[in-house]
Amino acid sequence: MAVDNDVYNELPWWDDDQPFATLEAFTPARFDYFHRVLTDRLHLDPAGLRVLDIGCGGGLLAERFSRLGAHVTGVDPSGPSLASAREHAAQEGLAIEYQEAVAEELPFEDASFDLVYCCDTLEHVTSTDQSVAEAVRVLKPGGHYFYDTINRTFLSKLSMIKMAQDWKATRFAPKNLHDWNSFIKPEELYALFRKHGLENQDTVGFASDRPKGELLRAMRSRAKGEITYGELGRRFQLGVHRDTSVVYGGWARKAHR
């Protein structure tokens, strides 16, 4: 099964009753984690940082970093997604630069950014190796790389493929949005980090503590059209978790030389 990246050209980003609204509902958990890393662990003021969002989509995370005062550039291969991102940023009064590009070939000079992040993207790229290499190339020495992606486990196949995409009674994501074979085990990602000069500093899971029965009922309600996609995402109440078996993320540092 191939990943259907064309879906990003076809669906709206900022509509609570469309599938990408589940991503917007999941955004606070990852952003809050990244913000805590920046301020509590790295003691960095986000204001003024040059930040690159790889695979920015409709600008969900880019807008949050922009509100912190960061100078954000977002890249994505989907022209319609970028058009949606630009329109929404303008409505919000945010100055974010968006460019069409793929993660494997970034149109920037070496060492251009203080912070690079790549979320919901590594499982969609053609080459994870080249995507990490390019992110490191445009990152300043001593800079930081934030990420999240999906682990390749039995649980991720059950939850992200079968329940989210395949089974009519529970599905809430577009068909073929993800391919389980493109999911990445943490040790595989860490090996790429080491190869390209990144040192992983922390890894966390993103999961829900809600009872499994409640989550199942929420998915069934969405499948029946009783609640919106956004409401489904909010009911998941995703947060930082010890469980890295499905979605995990973290941060890494580029060597100073």
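Before reading on, note that the structure itself is shown above.
Residues numbered from 1 in each chain as written. Predicted model: local features only at pLDDT ≥ 70, side-chain atom pairs only at ≥ 80, totals over all residues. Heavy atoms only, no water.

Our focus in this paragraph is the pattern of salt bridges. Within this structure, the stated rule accounts for 18 salt bridges. The partner of Asp114 in a salt bridge is Lys140, with the nearest N and O atoms 3.1 Å apart. One end of the pair, Asp114, is in strand S4 (residues 113-119); the other, Lys140, is in strand S5 (residues 139-150), with 26 residues separating them in the sequence. On the basis of relative accessibility, which here comes to 22%, the residue Asp114 falls in the partly exposed class. Here Arg152 and Glu188 are joined by a salt bridge, their closest N and O atoms 2.6 Å apart. Here Glu188 lies in helix H6 (residues 186-196) and Arg152 lies in the loop between S5 and helix H5 (154-166), a separation of 36 residues in the sequence. Each of Asp16, Glu231, Arg234 and Arg235 takes part in salt bridges that share partners, so that together they form one network. (Salt bridge = Lys/Arg side-chain N within 4 Å of Asp/Glu carboxyl O. Helix = DSSP H or I, 4+ residues; strand = E, 2+ residues; numbered from the N terminus. Buried < 20%, exposed > 50% of the residue type's maximum accessible area, 1.4 Å probe, protein only.)

Across the 6 residues that make up strand S2 (residues 71-76), a large majority, 5, are buried. Pairing between strand S1 (residues 50-54) and S2: 5 bridges, direction parallel. Counterpart to Val51 in the pairing with S2 is Val72. As a crossover connection, the stretch from S1 through helix H2 (residues 60-67) into S2 is right-handed. With helix H3 (residues 79-92) bridging S2 and its parallel neighbour strand S3 (residues 97-100), the resulting β-α-β unit is right-handed. (Pairing = 2+ DSSP bridges. Right-handed = clockwise from strand over helix to strand, strands pointing away.)

A few words now on the sheet that holds S3. What the 8 strands build is an open sheet, ordered S3-S2-S1-S4-S5-S8-S6-S7; its pairing is mixed. The sheet terminates laterally at S3 and strand S7 (239-241), the two strands that pair on one side only. When the angles between neighbouring strand axes are averaged without regard to direction, this sheet yields 25 degrees. Here H2 sits on the sheet and contacts S1, S2, S3 and S4; the angle it forms with S4, its principal contact strand, is near 150 degrees. (Axes fitted to C-alpha atoms, helices over the stretch in contact; angles between N-to-C directions. Contact = heavy atoms within 4.5 Å.)

With respect to the element layout, Gln165 can be found in helix H5. Polar contacts involving the side chain of Gln165 include one to the main-chain amide nitrogen of Leu177, which spans 3.5 Å. (Polar contact = N/O pair within 3.5 Å; in protein donor to acceptor, adjacent residues only side chain to side chain.)

To continue, consider unusual backbone geometry. Despite not being glycine, His43 shows a phi value in the positive range, around 55 degrees. Note that His43 resides in the loop between helix H1 (21-41) and S1. The exposure class assigned to His43 is exposed, which follows from its relative accessible area of 64%. The phi angle at Ala111 is positive, at roughly 55 degrees, despite the residue not being glycine. Mapped onto the elements, Ala111 comes out in the loop between S3 and S4.

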